[in-house]
Amino acid sequence: MKNLLILGAGTSGTMMANHLVKKLPKKEWKITIVDQYKTHYYQPGFLFLPFDIYSSKQVKKKGSKFIPKGVDYINDKIELIVPEENKVQLENGENINYDILIVATGTKIAPEEIEGMSGPEWYKSIFDFYTYEGAKALRNKLREWEGGKLVVHITEMPIKCPVAPLEFAFLADSYFRNKGMRDKVDITFVTPLGGAFTKPKATKALHYLLEEKGIKEVTDFNIERVDYENNKIIDYADTEVEYDLLVTVPTNMGDEVIERSGMGDDLNFVPTHKGTLQTLDHENIFAIGDATNLPASKAGSVAHFEAEILTENILRYIKGEKLKDEFDGHANCFIETGNGKALLIDFNYTHEPVEGTFPFPGVGPLKLLKESRTNHMGKMAFKWVYWNMLIKGVHIPFVSATMSEKGKKFDIKAN
Amino acid sequence: MDLNIAGIRLDVTEDGYLTDVSQWNKEIAIEIAKKEGIELTDKHWEVISWIQEQVKNEVALSIRGIKKSGVLNIKEFYALFPGGPLKKATKIAGVPKPKSCI
């Protein structure tokens, strides 16, 4: 009997368990998945929780519900990965040996990386919305907040779901408008990049959104510290931005177990081949989703496309065949723009998001890089798709793992 | 878009980044730097080759990376390329601008 071990039962790990249980012969392979937490969160919902669009119940379910029969599910913390001995140590002292390991340990926020961020004002006037706790604390704050300077801030790249902070700013505009207090709130978007939008097509098509919503932009801001006593963030060029309410996306890092096991880069992300998803250091270890160092977006859709290719590659690896070098960085994301509208973007390693129709060329019904109500309905329907199809490893019809160039208006090469 | 530097026609993005890294050379770097109001010193060249090396190895550029570069610290980086150091240094080094997904 051989062992396939999956570390992490988040979006990627759960998908891989569901894919592989259908493909690996039960008599030859035992599949085990380990995660320290019992709850599976619908992470895209964390964006809506602060604005009372989703309730806290809508974004979490019991993790065991999504692990298929035939897969051994262990609830324990992972102490160490020992690639030289093909084994993983759990906190309870148990060792699990593996023939193939899939690392799906994700990414998490590390506010302690910036001086003053996670200090005494954390969850008082400084919040994240990338965790269930943060999103919920922020919801309670927003319910009673009387207005002032709202700063939506990105600490450093890469981050999970790179558009989420911008969506947060758009939704905040709608939220305060609906509450009849938009005039009391000043919204500023602060980014370490050259702009809220960084690609030529998107900047051209979408910059009006910031102007229309009265959102100010502070660019090239590389935060050095939070001066929580004087309510301001300060960057390395000594630029200061004052806030009354700071909603920040802290540094994103891979899990500490990756660091403890000496398998990660500076940010604890696992160096991984960008086309095959095999880790660069160990041929029987594969990585998927946010845990990798791939230059793709850290997003559920990316993990979904990766899972289809990784499943194929695991089967090829077992048969001793050459791996498919096929993952192209495909991502497909709805972007909330507020007022019941959303955008849809579809892109990969080499092609920037452009205008067009999706998934049927020339037909749609979804429009790329344009605001529409249909796109917003798509985003809302996605919660159902996530719980019922995506993490169960059901193929989403008409959407291929690699990006299609059909029905899109390309005229300049992405850079 | 294109840009004429030292009599050579270069393909650049709308914000002035080379689209073809192989077109880059030191004369071009000096001219781009001038447009940014920067006179290149030995330290600048050291930073430029470090950046090019990172990009070649597909390591994402960040301020954090500068901290660990062993070439210079962040304050020095800001002093060499005032304003947006990553943005300016990458433009001069002829490598793509650090970006997000849209």
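Coordinates for the structure precede this section.
Below is a summary of the structure that appears in this document. (Residues numbered from 1 in each chain as written. Chains lettered and ligands numbered in written order. Predicted model: local features only at pLDDT ≥ 70, side-chain atom pairs only at ≥ 80, totals over all residues. Heavy atoms only, no water.)

We now examine the overall build of chain B. In terms of helices and strands, chain B carries five helices and two strands. Across chain B, helices and strands are ordered from the amino to the carboxyl terminus as β-β-α-α-α-α-α. Its C-alpha atoms give chain B a radius of gyration of 13 Å, within 12% of the compact-globule value 13 Å for 102 residues. Taking the principal axes of the C-alpha coordinates as reference, chain B spans close to 35 × 30 × 20 Å. Evaluated residue by residue, chain B yields a buried proportion of 51% over its 102 residues. Within chain B, contacts between residues at least 6 apart in sequence are counted, and of these 47% link residues at least 24 apart. Taken as a whole, chain B presents about 5,100 Å² of accessible surface, with 50% of it coming from carbon and sulfur. Charge separation in chain B, taken as the distance between the mean sites of 15 positive and 14 negative side-chain charges, equals 8 Å. (Helix = DSSP H or I, 4+ residues; strand = E, 2+ residues; numbered from the N terminus. Rg over C-alpha atoms; globule rule 2.2 N^0.38 Å. Buried < 20%, exposed > 50% of the residue type's maximum accessible area, 1.4 Å probe, protein only. Contact = heavy atoms within 4.5 Å. Areas by Shrake-Rupley, 256 points an atom, 1.4 Å probe, with all protein chains shown as cover. Lys, Arg positive; Asp, Glu negative; His and termini not counted. Charge placed at Lys NZ, Arg CZ, Asp CG, Glu CD.)

Here we take up the sheet that holds strand β5 (residues 71-75) of chain A. Residues and elements named next belong to chain A. As summarised here, the arrangement of the five strands in space is β5-β2-β1-β9-β20, forming an open sheet in which the pairing is parallel. The two strands at the open ends of the sheet, each matched to only one other strand, are β5 and β20 (285-287). Averaged over all pairs of adjacent strands, the angle between their axes in this sheet comes to 20 degrees, without regard to strand direction. Pairing of strand β9 (residues 100-103) with β20, which is carried by three bridges, proceeds in the parallel orientation. Each bridged residue has a counterpart across the sheet, and for L101 the counterpart in β20 is I285. With respect to the sheet, helix α1 (residues 11-23) is in contact with β1 (2-7), β2 (29-35), β5 and β9, its orientation differing from that of β2 by roughly 165 degrees. Of the strands in this sheet, β1, β2, β9 and β20 touch helix α6 (residues 300-319), which is tilted by about 160 degrees from β9. (Pairing = 2+ DSSP bridges. Axes fitted to C-alpha atoms, helices over the stretch in contact; angles between N-to-C directions.)

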